[in-house]
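Commentary on secondary and tertiary structure
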Amino acid sequence: MNRRQLIPLAVAAPLAVLPLFLNAYWIDVLNSIGIYAMLGLSLNLIVGHAGLFNLGHAAFYAVGAYTAAIVNTTFGIPVLLLLPVCGLAAGLFALAVARPIIHLRGDYLCIVTIGVGEIVRIALVNNLFGITGGSNGIFGIARPSIFDLTLRTPLHFYYLIWIFVALTVFVFHLLEYSRFGRALNYLREDDVAAEGSGVNTAHYKLMAFVVGAGWAGMVGNIYAAKMTIISPESFTFWESVLMFAIVILGGSGSMPGVLLGAFLIVGLPELFREFANARMLVFGAAMIAMMVFRTQGLIPSRPRIYRIPAVEKGEGRA
Amino acid sequence: MEQFFQQLTNGLAVGSIYALIALGYTMVYGVLKLINFAHSDMFTLGAYLGLTLLTSLALTDHIGPLWGTVVLALMVMGLVAMVGALLDRVAYRPLRESPRLSAVVSALGASIFLQNTVMLIYGARYRVYPHDILPRVALDVFGLQIPLVRILILCASLTMMAMLYIFIQRTRIGTAIRAAAIDQGAARLMGIDVNRVILMVFLVGPALGGAAGLMVGLYYGQINFTMGWGYGLKAFTAAILGGIGNIPGAMLGGVLLGVVESLGAAYLSFAWKDAIAFCVLILILIVRPTGLLGERVAEKV
Amino acid sequence: MKRVILLCLALLLVQGTAFAADSIKIGLMGPITGPWASEGAEMKQVVQLLAEELNQKGGLLGKKVEVVTQDDGGDPRTAALAAQRLATQGVVAVIGTYGSAVTEATQNIYGEAKIIQIANGSTAIRLSEKGLKYFFRTCPRDDEQAKVAAQAIQKMGSKRIAILHDNSTYAKGLADETRGLLEAAKAGEIVFFDALTPKEQDYTTVLTKMKSVQPDIVFFTGYYGEAGLLLKQAKQMNWKVTFMGGDATNNPDIVKTAGKDAAAGFYFVSAPLPKDLPSDEARNFLDTFKKKYGNPPNSIYAALAGDGFRVITQAIAETKSTDPAKLADYLHKDLKDFPGLTGKISFNEKGDRVGEVYRVYRVNDEGQFILQP
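Sequence order as written defines residue numbering, which begins from 1 separately in each chain. The order in which chains are written sets their letters, starting at A; the order in which ligands are written sets their numbers, starting at 1. Given that the model is predicted, a residue must reach a pLDDT of at least 70 before its local features are reported, and side-chain atom pairs must reach 80 or more before they are shown or counted; all residues, however, enter totals for whole chains, interfaces and linings. As a rule here, side-chain values come from all non-hydrogen atoms in the structure, and water together with hydrogens is ignored.

Let's shift gears to the overall build of chain C. Helix and strand content of chain C: 13 helices and 14 strands. Seen along its three principal axes, the alpha-carbon backbone of chain C occupies a region of about 65 × 55 × 40 Å. The buried share among the 373 residues of chain C stands at 62%. Counting only contacts in chain C whose residues sit at least 6 apart along the sequence, the fraction spanning at least 24 positions is 69%. Accessible surface is estimated by sampling points in the Shrake-Rupley manner with a 1.4 Å probe; for residues, cover comes only from the protein chains shown. Here chain C displays about 13700 Å² of accessible surface, and carbon together with sulfur accounts for 52% of that area. Starting at the N terminus, helices and strands are each numbered in turn, a helix being any DSSP run of H or I of at least four residues and a strand any DSSP run of E of at least two. For every residue, the accessible area (1.4 Å probe, protein chains only) is compared with the maximum for its type, and the residue is labelled buried under 20%, exposed over 50%, or partly exposed between those bounds. Any two residues whose heavy atoms approach within 4.5 Å at even a single point are treated as in contact.

Right under this line is the structure:
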C-alpha cells in the first residue's frame, strides 16, 4: 500500500523541476497538456465513471471561459477570483441542459451532446446577447496575478496549471472513492441492478454530469487567463473529440490513464511537427494503432478489490 | 407561398443526400452498435475518386452522359466499398470484443487519417468537376425553378434506397443482416456467418456514402477535403433522428432534417441554421427518446 | 520497436533545432493543416520560392536565409504553441498568419520575445490598435476595404442592397463596416443582412430568400469557395443580379467553380493583382512561380505573405542588422513606397500598411479579372 502512495510523489517531483530544463516552447506544450489533462479528468467522471457518452464537453469549457472573459472585461474582477463563478455557471448550464436528456440511451445522448456543443458554438459566433463578441471573441482579459506576481510567462502558468492539475487529481480521487463514486461505478456496470438496490440512477448520472461540466468550466477560466483572448474557434466539436479521445485512449475510468492520454493526444501532434503537413495523418494513424494494440486503453482502470476479513483465503474469489 | 414551396424543394434536395449518407451510419450501427465516424470520409473519398475517374477515363465522352455517369457511379461505389472493407479489417475488427467506446476512438482516428490522406494526395485546394457532364436546365414547375439535375439526383437516391430496402428485406444475406442486427450471438447459433454479414455491411454502407459523394460532386461541382465533416455530422444526426439502426428511419430522418434546415433558415435565421436543426433534434428526442422510427427500448424494468 | 521509434523522433527533433548558426532565420506561421490548409500551402510556396531566389543572389549580409515553417492549424491554441516554438528557434521575424483571431493569440508571444511579426491575412482592425511595436501587416484593414466597397456600391447606383457574410471574423467585420458606411451615407436600403454557413455545398436556401427581397446587388464578404457556388446556383435559378465580393473572393478558382458564364459580371474588391502591377519584380516573380509550380499563385494572401518576406529582408539588408528594434524603426519610418508584389508598401506608426491599396475588379466573359477604372 505504501508503494502505491509513493507513485503520485514520484510523478510530481520530476514535473516540479522539469521546466528548469526546458525552453518556453516545451513548457507551453506542457501547459497545454495540463489543461487537457484537467478537461480529460473532468470528462472521465462523466464518460468513465457514469458511462454517459458525452461528445460535447467543449460547450461547458466554453461557458466557463466566456464567463471569465465577460465578467473580467466588464467588471474588472481578477480572473482567478472568478474560478468558482465559472464552475458554477458551467455547472448550472449543464444542469439545465442535461435534466431533460439524461435518460437518453448511450448513442442518442452522444448526438444530443454534440448538438449542445454546436449550439453553444453557433451562439458564441452569432454574438449572443451582444456580449460574446461574435467570431472575434473577447480580448483584453487582464493577466492574472497572485499576490504581487503577475502571471505572464509560460513558466508562471506552468506552476499555476500543474498545481491545479494536482488539485484536480486529488479531488477526483476523493470523489472516486466516495459513496458517490461507488454509486456511479455501480450504475455504469448495471443501471437496472443499481436502481433495484435503491440507487437513484437519474440523480447520480445528472450529478456526475454537472460536476464534470462545472470542473470543465473552471478549466475554461484558467484557459482564458492564460490566453487573454478567447474565440469560438477554441471550442469546436474537434475539441470535444480530443477530450473524448484522451479519456478512452488513456483508459476509461482510470486517472493515470487519462493523464497519459493527455500527454499523448496533445503532445504527439507537437512531436509530429517535423512531418509538416503530414502530421495529422500520422496522428490519426497513431490513434488507431494505440486503440488496436491496447483495446482497453493504455492504462485500464482495475477492478476494485474489497477485502472481506471473514472469508477464508481463496474462497471469496470467484 | 411560392417561396415556401421553393424552400421545400431546396430542403428535399439536401435531405436526400443526408439520407443516403445516413444509411451507411445506420447499417453499421445496426449490426455492430458502432458509430462509424470515418463514414463521412467515405463520402469525401467518393467525390474525389469520382473526379479522378471522370477526368482520366472520360467515360461520358465515350458512351454518353447517362451511361457514362452510371458506369462511373458503379466504379466509384466499388472502390469506396473496398476501402470500407479495408477500414473495417484494420481499424474495427481488432476491437470487436473490446469496450464499444474504444472502437469509436479508433473510428475518429481513422477519420483524421483518411481526411489527411485525401489532403496529401489531392492537395488542400478546392477541386472542381468538369461543368458539362450533366445538363444545366431548370424546369419550371408551377412557377418553381427546379434544376433538372436536382430531380435526377432525387430519383437516383430514391432508387438506391429502394434497392437497399429490397436487398435487406428480400434476399438471404439481407435477412442475415437483419438477424445479426437483432442478436449477433443468436444469429451465430443459427448458422449465420456474422463476419460475412459485417463485411457485407462495410461494403454496402460505404458504397452508398461514396455514391452520395459522387452526386454532390456532379451536382455542386466543388469539392474539398473537409467536406465530409459537415455532411457526416448532419447525416449522423439524421440517422439518430429517424432512430439509429432503422433503415427507413434513416431515410425519413435525412429528408426531414434537410427540410427543417431550409425552412428554419428561411423563416428564422440563416446564421442560426445548424443551431435550429440541432434544437429540433433535441426536442424530438425529448419526446421520442429513440428517434422517430426507433424501437422502443424499455429503459426501466 | 517502440524505443526505436521514440529514438528516431527524438533525433528528428534534435536535428530540427540544431541548425548551423550562420544563417538568418525567418519564421513562417501559417495554416498548413486544418480548414485553411490551401492558403497555408500557398503561403509556404511563395515564401520559400522568394527565399530560394534571394539565396541564389547571395543571401542576406553574406548569410543564407532560412525559412522555418510552423503550422498554426487555423486555431488560436495551436497557433500559440507554434509561436512559442518559433520564438525558441531563433527567428528574426515571423510572417503570418491568415486568420485574425489566430494572429491575435500570438501577438503577445512575439511581442514579449521581441520578434517582428508581419501578418498577411489578418485584417481585423483592433490588431494594430494595441500599440505593439513589433507588429506589422501587409494586408490592409477591414475599414479600408469597406470604404472602397461602399463607394463602389454607391457608384453602381444600387438602391436595394443585400449583404451576406459567413460569420468569420474577417467577413463579419467587412460586412458590418460596409453596412455602417452605407447607412451613414444614406445610400440605398439594406434589404438583407445575414450569414451563411461556410463549407457547405447547397446555398439555394439563402439565394431563394435573397431573391424574394429583390435586391439590386448582393455583396458577399466571405471566401471564394462559397462565392463560386453562390454564383453557380444563382445562375441555375435563373436569377440575374449583380454580385460583388470582398478580397477573399479574389481567386481564379471562383471561375472554375462557377463556370465562366455564371462568373461573368462578378465584381470584387481587392488589392491589385500582380499582373496589373507595372513593377518588374511582380511580373518576374509571377513567371518564376508559374514555372516552378505550374500555375500562378491563386490567393492574394499568399502574395501578401511574400510581401511580408520581401519587406523584412529589405529591412535587414538596409540596416545591416538583425536587431528587432532597428528593423522595426526602419519599417515604421524609413521604408517608403517599397515595390511589393501587391503594390507600393509603406507602414504607419501602428504597423498598418498605408495608401490606397484596394481596387475594383470585374470578371469578364472569358473568366479573366479586369481592373476597373
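It is worth spelling out the overall build of chain A at this point. The helix and strand tally for chain A stands at 12 helices and 4 strands. Each radius of gyration reported is based on C-alpha atoms, and the globular scaling rule is 2.2 Å times the count of residues to the power 0.38. Taken over C-alpha atoms, the radius of gyration comes to 20 Å for chain A, in line with the 20 Å a tight globule of 318 residues would show. Considering chain A as a whole, with its 318 residues, one finds that 57% of them fall into the buried category. Contacts spanning at least 24 positions in sequence make up 75% of the contacts within chain A whose residues lie at least 6 apart. For chain A, the exposed area adds up to about 13400 Å²; of that, 67% sits on carbon and sulfur atoms. The charge count includes Lys and Arg as positive and Asp and Glu as negative, but it does not include His or the ends of the chains. Think of each charge as sitting on NZ of Lys, CZ of Arg, CG of Asp or CD of Glu. A gap of 5 Å separates the mean positions of the 20 positive and 15 negative side-chain charges of chain A.

This part covers the pattern of salt bridges. Note on definitions: salt bridges are taken to be side-chain nitrogens of Lys or Arg within 4 Å of carboxyl oxygens of Asp or Glu. Under the criterion given, the structure shown has 25 salt bridges over all chains. Its salt-bridge partner being B:Lys273, residue B:Glu261 comes within 3.7 Å of it at the nearest N-O pair. Taken together, the residues span a long stretch of sequence, with B:Glu261 in helix 11 (residues 247-267) and B:Lys273 in helix 12 (residues 273-287) at a distance of 12 residues. When sorted by exposure, B:Glu261 lands in the same class as B:Lys273, which is buried. Here the salt bridges do not stand alone but share partners, grouping C:Glu129, C:Arg137, C:Arg141, C:Asp143, C:Lys350 and C:Asp352 into one network.

The interface is formed by 34 residues belonging to chain B together with 37 residues belonging to chain C. Here chain B meets chain C over a buried area of about 3100 Å², counting both sides, of which 49% is carbon and sulfur. Connecting chain B to chain C are 3 salt bridges. Residue B:Lys273 is joined to C:Glu200 by a salt bridge in which the shortest nitrogen-to-oxygen separation is 2.5 Å. In the analysis that follows, any N or O atom pair within 3.5 Å is treated as a polar contact, provided that within protein one partner can donate a hydrogen and the other can accept it, and provided that, for residues neighboring in sequence, both atoms belong to side chains. The tally of links from chain B across to chain C stands at 16 residue pairs in polar contact (both at pLDDT 80 or more). Taken together, the elements giving at least two residues each to the side of chain B that touches chain C come down to helix 1 (2-32), helix 9 (194-220), helix 10 (227-242), helix 11 and helix 12 of chain B. When two parts are put together, the accessible area they lose, computed with a 1.4 Å probe and summed over both, is reported as buried area.

Now for the side chain of A:Asn221. Residue and element names in this part refer to chain A. Mapped onto the secondary structure, Asn 221 falls in helix 9 (residues 201-227). Judged by relative accessible area, which is 0%, Asn 221 ranks as buried. What Asn 221 contacts, discounting residues up to four positions off in sequence, is Gly 64, Ala 65, Ala 68, Val 79, Leu 80, Leu 82, Leu 83 and Cys 86.

Attention now moves to the confidence of the model for chain C. Think of pLDDT as the predictor's per-residue confidence, scored from 0 to 100. Confidence in the prediction of chain C, expressed as mean pLDDT, is 84, and 94% of residues score 70 or more. Below pLDDT 50 for its whole length, residues 11-20 of chain C participates in 11 contacts with residues either more than four positions away or in separate chains.

Across the two faces of strand 3 (residues 144-147) of chain B the burial is the same, with B:Leu144 and B:Ile146 and B:Gln145 and B:Pro147 all buried. In this analysis, strands are considered paired if DSSP registers two or more bridges between them. The hairpin turn running from strand 2 (residues 138-141) of chain B into strand 3 of chain B, its antiparallel successor, is 2 residues long, and B:Phe142 in that turn takes a positive phi close to 50 degrees.

Attention now goes to the nonpolar core. Buried residues of nine kinds, namely Ala, Val, Leu, Ile, Met, Phe, Trp, Tyr and Cys, make up a nonpolar core once their side-chain atoms join them within 4.5 Å. Judged by nonpolar contacts, the single largest core of 269 residues is most densely connected at A:Ile230, A:Phe244, B:Phe236 and C:Phe243. Residue ranges assigned to each domain were obtained from an automatic or database domain assignment. Three or more residues apiece are contributed to this core by two domains, here domain 1 (18-140 + 278-345) and domain 2 (143-270) of chain C. Not counting the four nearest positions on each side in its chain, C:Phe243 is found in contact with C:Leu207, C:Val218, C:Leu230, C:Leu231, C:Ala234, C:Gly265, C:Phe266 and C:Tyr267. Counting 38 residues, the second-largest nonpolar core is a separate cluster that includes C:Val92, C:Tyr134, C:Val311 and C:Leu331.

All right, on to the sheet that holds strand 1 (residues 23-30) of chain C then. All names here are of chain C. The strand order across the open sheet formed by 5 strands is 2-1-3-4-5, and the pairing between neighbours is parallel. The open sheet has two free edges, formed respectively by strand 2 (64-71) and strand 5 (135-137), since each of these has just one partner strand. Averaged over neighbouring strand pairs, the angle between their axes works out to 25 degrees when direction is ignored. Judged from the 3 bridges that link them, strand 1 and strand 3 (residues 93-95) form a sheet pairing that is parallel. From the neighbouring strand, Gly 27 faces strand 3, where its bridge partner is Val 94. Fitted lines through C-alpha atoms give the axes, limited to the stretch in contact for helices. The angle between two N-to-C directions lies from 0 to 180 degrees. Running over the sheet, helix 2 (residues 37-56) touches strand 1 and strand 2 and is turned about 170 degrees from strand 2. Lying on the sheet, helix 12 (residues 300-319) is in contact with strand 1, strand 2, strand 3 and strand 4 (116-119); it crosses strand 3 at an angle near 160 degrees.

The subject of this paragraph is the domain arrangement of chain C. Residue and element names in this part refer to chain C. Each domain of chain C was delimited in the assignment, giving domain 1 (18-140 + 278-345) and domain 2 (143-270). Averaged C-alpha coordinates put domain 1 and domain 2 at centres separated by 30 Å. Listed as interface residues are 14 residues of domain 1 and, on the opposing side, 15 residues of domain 2. Both sides of the domain 1 and domain 2 interface together cover about 1100 Å² of buried area, and 54% of this is carbon and sulfur. Considering only the surface of domain 1 that becomes buried against domain 2, Ile 125, Asn 298 and Tyr 301 emerge as the three largest contributors, covering 38% of it. Between the two partners, domain 1 and domain 2, sit 0 salt bridges. Our enumeration of links across domain 1 and domain 2 arrives at 1 residue pair in polar contact (both at pLDDT 80 or more). Broken down by secondary-structure element, the contributors of at least two residues to the side of domain 1 that touches domain 2 are helix 2 and helix 12. Each residue is assigned to one class: nonpolar for Ala, Val, Leu, Ile, Met, Phe, Trp, Tyr, Cys and Pro, charged for Asp, Glu, Lys and Arg, and polar for all the others, Gly among them. Across the side of domain 1 that touches domain 2, the residue classes tally to 8 nonpolar, 5 polar and 1 charged.

Attention shifts here to the interface of chain B and chain A. The interface of chain B with chain A comprises 48 residues on the first partner and 44 residues on the second. Around 4000 Å² of area is buried between chain B and chain A when both sides are counted, 79% of it from carbon and sulfur atoms. For the interface between chain B and chain A, the tally reads 1 salt bridge. In this structure, B:Arg100 and A:Asp107 form a salt bridge, with 3.5 Å as the shortest nitrogen-oxygen distance. Here chain B is connected to chain A by 6 residue pairs in polar contact (both at pLDDT 80 or more). At the level of elements, helix 4 (65-92), helix 5 (100-122), helix 10 and helix 12 of chain B are the ones that each hand at least two residues to the side of chain B that touches chain A. Of all the elements, helix 5 of chain B adds the most residues to the side of chain B that touches chain A, at 15 residues. Taken together, the residues that form the side of chain B that touches chain A break down as 34 nonpolar, 10 polar and 4 charged.

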